[in-house]
Amino acid sequence: MNWNVDPILLQLGSISLHWYGLLFATGIWAGASLLKRLLVEGKQNAELVDELFLPVFIGILVGARLMHCLAYEPDYFLAHPIEMLYLWKGGLASHGGGLGAILGVLWVAKRQKVGLLFLLDYLALPTLAFAVCVRTGNMMNSEIYGTVTDMPWGTVFERIDMLPRHPAQLYEALGYLLLALLLWRFRRGLLALEGRLFGAFLIGVFVIRMLVETVKPEQASYIPVLPLTVGQILSLPFILTGVWLWLRARRS
């Protein structure tokens, strides 16, 4: 497959609407709508959607940007710290976005006097909906592509080069979609034990991420200690946390 989609969906004079921006906004809307449905279904306070929106949004942006700058290009950004603020130049890391989101949720939990794990459980499925949209946006931008392959579904990202590559963005988006469907099917049983749905979410998301990393070009190579990419190394703590939450919920 040859891929040469213009990242700009609509241009009106100096104003442009990008596919990525549209899909990012769609992911936020889909996540908020799904969160409200889950809260209503569980007879919980649906107003928490409004309380969570801004802190989580800010946490995602700040955390994702800082993680990209400090984990993937530390030498450059420590020498040019002001450019960490240049979000329009791109560079967001999902691991940092996840940590930032959790900090935003923690702030709301303390403010509203509700349990952190309670909120994280309800946010797991909405986060997957958001992640599917974001990775689809990466596809529209011809970014986060994979290594060269001779597989029949290899994709030529013509805006990059003329080599067939793994569509790593689609692998990840499809993995998150399948995980979301699986967790949705068993959501009631998982929500019955605090921390179990979020634990399953962490395990699933970051196992998928580690697998997809095997077909992605390394973005940083300054950690030669383990035969893992930086993305895989960053995924390990999340997986271990997920396992701990799953077992903890079982004991409870």
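Residues numbered from 1 in each chain as written. Predicted model: local features only at pLDDT ≥ 70, side-chain atom pairs only at ≥ 80, totals over all residues. Heavy atoms only, no water.

Looking up the protein chain in an unreviewed UniProt entry gives the name Phosphatidylglycerol--prolipoprotein diacylglyceryl transferase, with the organism given as Shewanella cyperi.

What should I look at first to understand the overall build of the protein chain in this one?
Each helix and strand in the protein chain was counted, giving nine helices and five strands. Reading the protein chain from its N end, one meets helices and strands in the order β-β-β-α-α-α-α-α-β-β-α-α-α-α. By the compact-globule yardstick of 18 Å for 252 residues, the protein chain fits well, its C-alpha radius of gyration being 19 Å. Viewed in the frame of its principal axes, the protein chain has a C-alpha envelope of about 55 × 50 × 40 Å. Nonlocal contacts in the protein chain, meaning residues at least 24 apart in sequence, comprise 66% of its contacts between residues at least 6 apart. (Helix = DSSP H or I, 4+ residues; strand = E, 2+ residues; numbered from the N terminus. Rg over C-alpha atoms; globule rule 2.2 N^0.38 Å. Contact = heavy atoms within 4.5 Å.)

What should I look at first to understand the pairing of strand β3 (residues 15-18) in this one?
Every regular strand shows the same layout, with side chains that alternate between the two sheet faces. As paired elements, strand β2 (residues 8-12) and β3 share four bridges and run antiparallel to each other. Along β3, the bridge assignment pairs Leu12 with Ile15. The hairpin formed by β2 and β3 contains two residues between the paired strands, and Gly13 there has a positive phi angle of roughly 65°. (Pairing = 2+ DSSP bridges.)

Can you walk me through the pattern of salt bridges in this structure?
Pairing is possible between side chains of opposite charge, provided their charged atoms come close. What the rule picks out here adds up to seven salt bridges. Notably, a salt bridge pairs Arg209 with Glu213, separated by 3.0 Å at the nearest N-O pair. Within this pair, Arg209 and its partner Glu213 are both found in helix α8 (residues 196-213), separated by four residues, close to a single helical turn. Here Arg209 and Glu213 have matching classes, each one buried. Three or more residues are tied together by salt bridges with common partners; here these are Glu41, Arg187 and Arg188. (Salt bridge = Lys/Arg side-chain N within 4 Å of Asp/Glu carboxyl O. Buried < 20%, exposed > 50% of the residue type's maximum accessible area, 1.4 Å probe, protein only.)

Looking at this structure, how should I read the UniProt feature "binding site: a 1,2-diacyl-sn-glycero-3-phospho-(1'-sn-glycerol)" (unreviewed entry) in the protein chain?
When the UniProt feature table is mapped to this numbering, "binding site: a 1,2-diacyl-sn-glycero-3-phospho-(1'-sn-glycerol)" (unreviewed entry) covers Arg135. Inspection of the secondary structure puts Arg135 in helix α5 (residues 116-140). Look past the residues within four positions of Arg135 in its chain and what remains in contact with it is Ser94, Ile144, Gln169, Glu172, Ala173, Tyr176 and Arg209. (UniProt positions renumbered as here; feature names shortened; annotations may be inferred.)

How should the nonpolar core be read in this particular structure?
In summary, soluble globular proteins display a tendency toward joint burial of nonpolar side chains. Core analysis: the largest hydrophobic core is formed by 42 residues, its most contacted members being Leu52, Leu119, Leu128, Leu183 and Phe201. Among the secondary structure elements, those contributing two or more residues to this core are α1 (19-41), α2 (48-72), α4 (94-112), α5, α6 (168-185), α8 and α9 (230-251). Ignoring any residue separated from it by four or fewer positions in sequence, one finds Leu183 in contact with Leu125, Leu128, Leu190, Leu197, Ala200 and Phe201. (Core = buried A, V, L, I, M, F, W, Y, C linked by side-chain atoms within 4.5 Å.)

Is there a simple way to explain the side chain of Arg187 in this structure?
Along the polypeptide, Arg187 turns up in helix α7 (residues 187-191). At a separation of 2.8 Å, a polar atom in the side chain of Arg187 contacts the main-chain carbonyl oxygen of Trp184. (Polar contact = N/O pair within 3.5 Å; in protein donor to acceptor, adjacent residues only side chain to side chain.)

What should I look at first to understand the confidence of the model for the protein chain in this one?
Residues shown with low pLDDT carry predicted positions that ought not to be read at fine detail. In this model, the protein chain carries an average pLDDT of 88, and 94% of its residues clear a pLDDT of 70 or more. Summarising per-element confidence for the protein chain, the mean pLDDT is lowest in helix α3 (residues 74-79) (77) and highest in α6 (97). (pLDDT = per-residue confidence, 0-100.)

What is the right way to look at α6 in this model?
With 18 residues, α6 should reach 26 Å at 1.5 Å per residue; the first-to-last C-alpha distance of 26 Å fits that figure. Those residues of α6 not exposed but buried are Ala168, Gln169, Glu172, Ala173, Gly175, Tyr176, Leu179, Ala180 and Leu183. With its buried residues spanning 160° around the axis, α6 presents them on a single face. Those residues of α6 that are exposed and angled more than 90 degrees off the buried face are Leu178, Leu181 and Arg185. Against α5, β4 (155-157), α7 and α8 lie the buried residues of α6. (Expected span 1.5 Å × (residues − 1). Arc of directions from axis to C-beta.)

Just checking my understanding: could you explain the environment of Val148 for this structure?
Note on placement: Val148 falls in the loop between α5 and β4. The class for Val148 is partly exposed, based on a relative accessible area of 47%. Taking the C-alpha atoms as reference points, Val148 and Leu211, separated by 63 residues in sequence, lie 16 Å from one another.

Help me understand unusual backbone geometry, please; the structure alone is not making it clear to me.
Leaving glycine out, the prevailing phi sign among residues is negative, and the prevailing peptide bond configuration is trans. Not every positive phi belongs to a glycine, and Ser142 is a case in point at roughly 55°. One can find Ser142 in the loop between α5 and β4. You can call Ser142 buried: its relative accessible area is 3%. One non-glycine residue, Ile144, lies in positive phi territory at about 55°. Among the secondary structure elements, Ile144 is positioned in the loop between α5 and β4. On the accessibility criterion, Ile144 (27% relative accessible area) is partly exposed.

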